[in-house]
Amino acid sequence: MKLTLSALAAALALGACARAADPTPGKPVDTSFLKRFAETRRFMLGRPQNPKVAPDGKTVLFLRADADKPALKLFEFDVPTGQTKELLSPQAVLGSGDENLTPEEKARRERMRLSAGGFADFHFDAAGNNILLPLSGRLFVYDRAARKVTELKTGAGGAVVDPKWSPDGKKVAYVRGFDVYVIDLATNTETAVTAGGTVQKTHGLAEFVAQEEMGRFTGYWWSPDSRHIAYEEADHAGVETWFVADPFKPNAKPLEQFYPRPGKKNVAVRLGVVPVAGGETVWVRWDTKAHEYLAAVQWTGSAPLTLQVQDRKQQTLHLLTADPKTGQTRRLLEEKDAAWINLSPEGPKFNDALGGFVWLGADKEGDSEVQLRNAQGVLQDVLVPAKNRPEAAQGVYSSRADTFVLYAGGADPTQRHIYRHKTRSLNVNPGCEADEALTTEVGVHTAVFGKSGGPFVITSTTPQSMPRSVVFGRDGAKIAELPSVAAEPELKPNVTVEKVGDYWTAVVRPRAFDPKKKYPVVLDVYGGPRHLHVVRAMRNWLVPQWLADQGFVVVAVDNRGTPGRGREWERAVYQKFGTVPLDDQVKGLRLLCEKHPELDGDRVGIVGWSFGGYMAANGVLRRPEVFKAAVAGAPVTDWEDYDTHYTERYMGLLPAAQKAYDEASLLPLAKDLARPLLLVHGTADDNVYYRHSLKLSDALFRAGKNFDSLPLPGVTHMYTSDPVVAERLWGRAAVFFATHLGAPK
């Protein structure tokens, strides 16, 4: 669950259109800017994406589309000269043939929130001489020296998924059908590594909840010596099968999906290690009844095979090492929390100079800190304390005299910065005050580092700029910016980010703001755990700015449950989805109305998508005295119908937590609807199924309530993939709010 007004912002972040007059109820609005925003994929087409530093540090490769065509090409940036050139396009690889995405690849891209076509990813071999490129269900290798493309001879019977180089660069592994295969590059011949995989019992594929909720998109891992592969077996026996039908094609067979729901059967997962040359699988042994989730696996360099496993309540996490010869495991550490454990998908960062590994763990209060642990998992030191709010330990590298830890975070939750921490030895910690900030400009920053810490690429979005990617040397000196050909938004959002009471908030005023008037207010909401909505990044406020320009003031509030404020703040929503987030939104809204007299607190609408859609519907149903109208996109209406890993983490297990589920459900509230409500939902949504809006619609209808419903035929959870839908939906929402909230007075 990851979409917001940034989903109606990063899946929804639409910009501003030509300056609009006060809206007239029922009159169409000017959506010309929405059209440009949607066609340029939120003004992201033409910007560098997915930069990767070559192993020798001399080049940076990245993907980029044209400004008006959603097909990603491969580019090369030369570090010494600062020059960029196009290496390869999908058209050059496929010839006259068109790209044809298989259902498996479409589903994978949906989980990864990828809307552009062309090259979805690329992979260096160990030496950086060759590039592996999956495209249209096929595999290609680009020889950088010869500038030659060779198609690998994969067999028939399924598209190629999740290809990876072997560490020695001599083979390529992938999943085809439901088994793992390997191609030997010297002979271009394919060999099956696993056998017997079926749609019910898959080999090498990450199950649905791993992809959607754990951030794990792979189900197999090479051994460092390239002789073995560890793979996941996911047994879906007994898991409910749900179907997604296309109402426009009643003659077409519905798509099937195993969808585990709270209180129901979960996927049974185990991890095996098999020789690439052939042989029996050695199954890794841990207590799968007590810890049924395989959250993460790592097997790199000189580090042992490690895995993170969780219990179903997600209140206990074990980091284990496994002996690939025997399958025996040993526990390195245990994390516990009375509510839930946040995953550390980056995993342990082993480093020989430190004699152990770096781990993003929890202190005694449950707040995140960067820890140094020895090879046996015993805590040695705290490298970055909780007061610095680290959120990810991204890497560790050593020079002759020093070892550096790279991490992301920051004390201000509206920003994200990249830091480099230096530690000289196991016994000397220079302290967090000596950490070097690799980013200082206000905004949200991400980083990709080369071998041994440099060069590295920082991608930044600020309140005044869309994302840009800059290459730096290991010493932190700027080398050059990766070139963009993207169209730029025509305006800068008129947004103010401020802390009001306990809440970080944002206020977006119209460009033609008149301080003498009182404006109807639209609360742009997400509100779900592990997501920050109020951030200092231009791309997040483009849609709200367009909406504000239609005659509203758009506001946003980050309630309890959001990250970056400590354990107590974050865990306050445990088993209280229906009340705590909404109560905080109302408190933050009222504080803003008290501070800013131009906000008309008697005319407030609420809009959101996914968890934000749930919040919007919940707001208008539970607090009609506050919210006078709501647009709820893809809302969860009954938490018993959402997936296990997300829902049970925050709501607990059924039947013990039945009261919490009942209190969070929107269905019993249908009888109380007293305000205008527009329900929007894609019929092809396989994340929050269309069933959710149908169940609420049925409950409202049977209760005799009037409401509006807008089904989007064939549209998935990531509705912005269809530019026409994105444009029309926001035009419809603006008219809806103008009709029910009125104009500035």
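Everything below is about the structure shown above.
Residues numbered from 1 in each chain as written. Predicted model: local features only at pLDDT ≥ 70, side-chain atom pairs only at ≥ 80, totals over all residues. Heavy atoms only, no water.

Some remarks on the overall build of the chain
And then number 1: A count of helical and extended segments in the chain gives 12 helices and 46 strands.
And then number 2: By residue count, 60% of the 745 residues in the chain fall in the buried class.
And then number 3: Across the chain, the fraction of contacts at a sequence separation of at least 24, relative to all contacts at a separation of at least 6, is 61%.
And then number 4: Surface accessibility of the chain: about 28400 Å² in total, with carbon and sulfur atoms responsible for 50%.
And then number 5: The averaged location of the 88 negative side-chain charges in the chain is 1 Å from the averaged location of its 92 positive side-chain charges. (Helix = DSSP H or I, 4+ residues; strand = E, 2+ residues; numbered from the N terminus. Buried < 20%, exposed > 50% of the residue type's maximum accessible area, 1.4 Å probe, protein only. Contact = heavy atoms within 4.5 Å. Areas by Shrake-Rupley, 256 points an atom, 1.4 Å probe, with all protein chains shown as cover. Lys, Arg positive; Asp, Glu negative; His and termini not counted. Charge placed at Lys NZ, Arg CZ, Asp CG, Glu CD.)

As for the sheet that holds strand β35 (residues 444-449)
And then number 1: Strand order in the open sheet formed by 4 strands is β35-β36-β37-β38, with antiparallel pairing between adjacent strands. A strand with exactly one partner marks an edge of an open sheet, and here the two such strands are β35 and β38 (478-481). Put simply, the sheet's adjacent strands are angled 25° from each other on average, direction ignored.
And then number 2: When strand β37 (residues 465-472) meets β38, the two strands line up antiparallel, connected through 3 bridges. Bridge pairing in β38 links Val470 to Glu481. (Pairing = 2+ DSSP bridges. Axes fitted to C-alpha atoms, helices over the stretch in contact; angles between N-to-C directions.)

Some words on the pattern of salt bridges
And then number 1: Scanning all chains against the criterion turns up 42 salt bridges.
And then number 2: Counted as one network, the salt bridges with shared partners bring together Glu240, Arg261, Asp638, Asp641, Arg691 and Lys695. (Salt bridge = Lys/Arg side-chain N within 4 Å of Asp/Glu carboxyl O.)

A look at helix α1 (residues 32-39)
And then number 1: Here α1 has its buried residues at Phe33, Leu34, Phe37 and Ala38. Down the axis of α1, the buried set is contained in an arc of 135°. They therefore lie on one face.
And then number 2: Immediately beyond the C-terminal end of α1, within one or two residues, lies Arg41, with a positive phi of roughly 55°. (Arc of directions from axis to C-beta.)

Some remarks on the nonpolar core
And then number 1: Ranked by size, the top nonpolar core spans 69 residues in total, and within it Val555, Phe577, Phe627 and Trp639 carry the most contacts.
And then number 2: Take this core: its biggest share by element is 7 residues, from helix α8 (residues 611-622).
And then number 3: Excluding residues within four positions of it along the chain, Val555 makes contact with Ala506, Val507, Val521, Val522, Leu523, Asp524, Leu589, Leu592 and Leu599.
And then number 4: Residues Phe33, Val534, Trp541 and Ala734 belong to the second largest nonpolar core, which totals 46 residues. (Core = buried A, V, L, I, M, F, W, Y, C linked by side-chain atoms within 4.5 Å.)

Some thoughts on the packing of α1 against helix α12 (residues 723-741)
And then number 1: Axis separation between α1 and α12 bottoms out at 8 Å; the angle between their running directions is 145°. When the axes of α1 and α12 are compared, the crossing they make is right-handed. Where α1 abuts α12, its residues Leu34, Lys35, Ala38 and Glu39 lie against Pro723, Ala726, Glu727, Trp730 and Gly731.
And then number 2: Tallied by class, the residues present in the contact of α1 with α12 amount to 5 nonpolar, 1 polar and 3 charged. (Left-handed = near helix turned anticlockwise from the far one by under 90°. Nonpolar A, V, L, I, M, F, W, Y, C, P; charged D, E, K, R; others polar.)

Focus on unusual backbone geometry
Residues apart from glycine generally show negative phi values, whereas peptide bonds are mostly found in trans.
And then number 1: Each neighbour pair has its own omega, and for Gly454 with Pro455 the value is -5°, a cis peptide bond.
And then number 2: Along the chain, Pro455 turns up in the loop between β35 and β36 (456-462).
And then number 3: Leu654 connects to Pro655 through a cis peptide bond whose omega is 5°.
And then number 4: Mapping Pro655 onto the fold places it in the loop between α9 (644-651) and α10 (658-664).
And then number 5: Positive phi, close to 65°, is recorded for Arg42, a residue that is not glycine.
And then number 6: Tracing the chain through its elements places Arg42 in the loop between α1 and β3 (49-53).
And then number 7: Located in the positive-phi region is Arg530, a residue other than glycine, with phi close to 60°.

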